[in-house]
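Commentary on secondary and tertiary structure
Read off the chains here:
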Amino acid sequence: MGPYSVGENQSSSGLKYDIGASRAKMVTTVPSSPTLFVAFLFVTSFLVLATSSKHGSVTRHYKFDIRLRNVTRLCHTKSMVTVNGKFPGPRVAAREGDRIVVKVVNHVPNNVTIHWHGVRQLRSGWADGPSYITQCPIQTGQSYVYNFTIVGQRGTLFWHAHISWLRATLYGPLILLPRSNESYPFENPYKEVPILFGEWWNADPEAVIAQALQSGSGPNVSDAHTFNGFPGPLYNCSNNETFRLKVKPGKTYLLRLINAALNDELFFSIANHTLVIVEADATYVKPFESKIIVLGPGQTSNVLLKTKPEYPNATFFMLARPYFTGMGTFDNSTVAGILEYKKPLAPKNIPTFKPSLPAINDTSFVANFSSKFRSLNTAKYPAKVPQKVDKSFFFTVGLGTSPCPKNQTCQGPNNSSKFAASMNNISFTLPSIALLQQHFFGQANNGIYTTDFPAVPLRTFNYTGTPPNNTRVTNGTKTVVIPFNTNVQVVLQDTSILGAESHPLHLHGFNFYVVGQGFGNFNPITDLPNFNLVDPVERNTVGVPSGGWVAIRFLADNPGVWLMHCHFDVHLSWGLRMAWIVEDGKLPNQKLPPPPPDLPKC
């Protein structure tokens, strides 16, 4: 596989849109070179049927065939689970207001689900995708149709598998364009380029997490980080596996950045260039400049790259490496791509510049960067921050231990226990039947789940100070039930049990406003008055600071069952998750419709 290039003679997305037309048109363009494979990764493998509505919206049909395919990176060939044979997977593109219909057919031995990360899924919770929460998995030889509408969202999201660690290879971009008669609230870019941060594993990630859960130890780490599936020249045997972005001088490029990595927050920078951040998690933000950005797993961001006015007679590395605050092992390596200016008869042997990245554990940089995000809060894009709170919650998040089974040797803490993770000291146990199905049919009393997840920790302690001697977690399938249209506030507090650590927390079914954050233990008396209730950033995934806290607010206007979890897959596997049950409202348009007839069965 050769390097990935975005050619200047075509749309970088592989899709052209008639922005001025009364309805969106999707026209495929054929790449002129095999090196355009990744930039063109959807066009050769999708079926799009555009059916107009009276509002100018269309229905876009896609088909995902889950198949095994041999892929080679770092001189290592392995069979991996893919969508339509692509790694990363195909892009899904739509406009605000469009309906997306995706038929997923499972041809592999693994059970599969697909999550549309960040999509609000208003009254379409059956299409959200987390296994055993909103659906049972799609089994071998079975299929399921995900059907949902994009309401009030535009920007960059992504889709990924939401079962075990299949997300390592099953992921791809989800591009949400403005309506056909609307434009961006920033400079119209010359080209748009998705860049997906991921990982390459020589081993099978499913075997890695299975072994870790069996032994109770921390899992092995990935062998490389990737841009659009390519590790780049800083790894052995990887010179020809490099993401290359070819640009023209004096142009503005929109980079759609997606962190799809399993377990790594990442610093990212382009040598000698400044980025302008204009969007986060598919919501516009007040633009601000930065030479370095940070993306946690599950976070996305649109940034403007303004190229130099003249040909610079140089090329420039794009680098990403982890931000890490934990005490375990991690993939401490750097992925490199190359930004190169296109010029006829360009001279050979020109210099390549490298950017500087912060220290691996530079928490102060991350906090300072995160504090710069603000909602636009304009008449057209208002920040609808809940000014009053109906229900308030305080959740601790962090690591812990569970006992080693009898007659088994464990390799977790002190070689006598297993690693676990929890919220309010409860490690979530996946049910055997999807929670949404149980809730919808009124089967909450069958013992599969309970509705007594605590609103505050059952035992208080100095959360960021000396940890308690007892590190054991409890286990259960516990949920919180809240009425429709409840204004919710949640303070997420990191703990120092087995070491303070940053946690990217993702909430399904909602966007939330990040109204406050800080270090140490949250203090309602001194911290509440400093909350930003004017223009806080609106996100679907937020980093809980290492040794600190973050406060979020959202309106529970979406009936269904919604997972909230750490987007480090290792912590997710260890139980750092819980579920919200939002009850139906009184009106017909406030109720969850019945499940589709092809909903998978457990």
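Conventions we followed
Residues numbered from 1 in each chain as written. Predicted model: local features only at pLDDT ≥ 70, side-chain atom pairs only at ≥ 80, totals over all residues. Heavy atoms only, no water. Pairing = 2+ DSSP bridges. Helix = DSSP H or I, 4+ residues; strand = E, 2+ residues; numbered from the N terminus. Axes fitted to C-alpha atoms, helices over the stretch in contact; angles between N-to-C directions. Buried < 20%, exposed > 50% of the residue type's maximum accessible area, 1.4 Å probe, protein only. Polar contact = N/O pair within 3.5 Å; in protein donor to acceptor, adjacent residues only side chain to side chain. 1 Å grid on protein atoms, 1.4 Å probe; cavity = no way out; pocket = protein on both sides within 12 Å on 5 of 7 lines; lining within 4 Å. Points joined across faces, edges and corners; volume = space filled by probe spheres on them. Nonpolar A, V, L, I, M, F, W, Y, C, P; charged D, E, K, R; others polar. Contact = heavy atoms within 4.5 Å. Phe/Tyr/Trp six-rings, centres within 6.5 Å; stacked < 30°, edge-to-face > 60°. Lys NZ or Arg CZ within 6 Å of the ring centre and 35° of its normal.

**Here's the deal with the sheet that holds strand 34 (residues 541-544)**
What the five strands build is an open sheet, ordered 29-37-36-31-34; its pairing is mixed. In this open sheet, the two strands that pair with only one neighbour each are strand 29 (479-482) and strand 34. With direction set aside, neighbouring strand axes in the sheet form an average angle of 20 degrees. Bridge analysis of strand 36 (residues 560-566) against strand 37 (residues 577-582) gives six bridges, and the strand direction is antiparallel. Paired with G560 across the strands is V582, a residue of strand 37.

**Details of the side chain of N106**
Among the secondary structure elements, N106 is positioned in strand 8 (residues 99-106). Taking relative accessible area as the criterion, N106 reaches 1% and is therefore assigned buried. A distance of 2.9 Å separates the side chain of N106 from the backbone oxygen of I138, its partner in a polar contact.

**Re the layout of surface pockets**
If you roll a probe as big as a water molecule over the atoms, it shows you where there is empty space left. A volume near 690 Å³ is recorded for the largest pocket. Lining the largest pocket are 24 residues; nearest its centre among them are R120, G152, K384, Y513 and E538. Among the secondary structure elements, those contributing two or more residues to the lining of the largest pocket are strand 19 (283-290) and strand 35 (548-556). Ranked by the residues each element gives to the lining of the largest pocket, the list is headed by strand 35, at three residues. Partitioned by chemical class, the residues of the lining of the largest pocket number 12 nonpolar, five polar and seven charged.

**Comments concerning the environment of I448**
Structurally, I448 is set in the loop between helix 3 (435-440) and strand 28 (474-476). Through-space distance from the C-alpha of I448 to that of P109 is 26 Å; in sequence the pair is 339 residues apart. Residues contacting I448, with those up to four places away along its chain left out, are P431, S432, I433, Q438 and T477.

**Remarks on the packing of aromatic side chains**
Evaluated as defined, the whole model comprises 41 aromatic pairs. The interplanar angle of 45 degrees and the centroid separation of 6.0 Å between the aromatic rings of F64 and W116 together place this pair among those described as tilted. Linking F64 in strand 5 (residues 58-73) with W116 in strand 9 (residues 114-117), this pair joins segments that are 52 residues apart in sequence. Classification of F64 as buried rests on a relative accessible area of 0%. Ring centres 5.1 Å apart and planes at 85 degrees place the aromatic pair F440 and F441 in the edge-to-face group. Residue F440 is classed as partly exposed on the basis of its relative accessible area of 28%. Here a set of aromatic residues connected by ring pairs shows up, and it is made of F393, F395, F453, F510, F554, W562 and W580. In this arrangement the basic side chain of K78 is found over the ring face of W200, its NZ or CZ atom lying 4.9 Å from the centre. Taking the ring centre of F373 as reference, the NZ or CZ of R539 above it sits at 5.2 Å.

The quantities given are spatial measurements derived from coordinates; they are silent on function.
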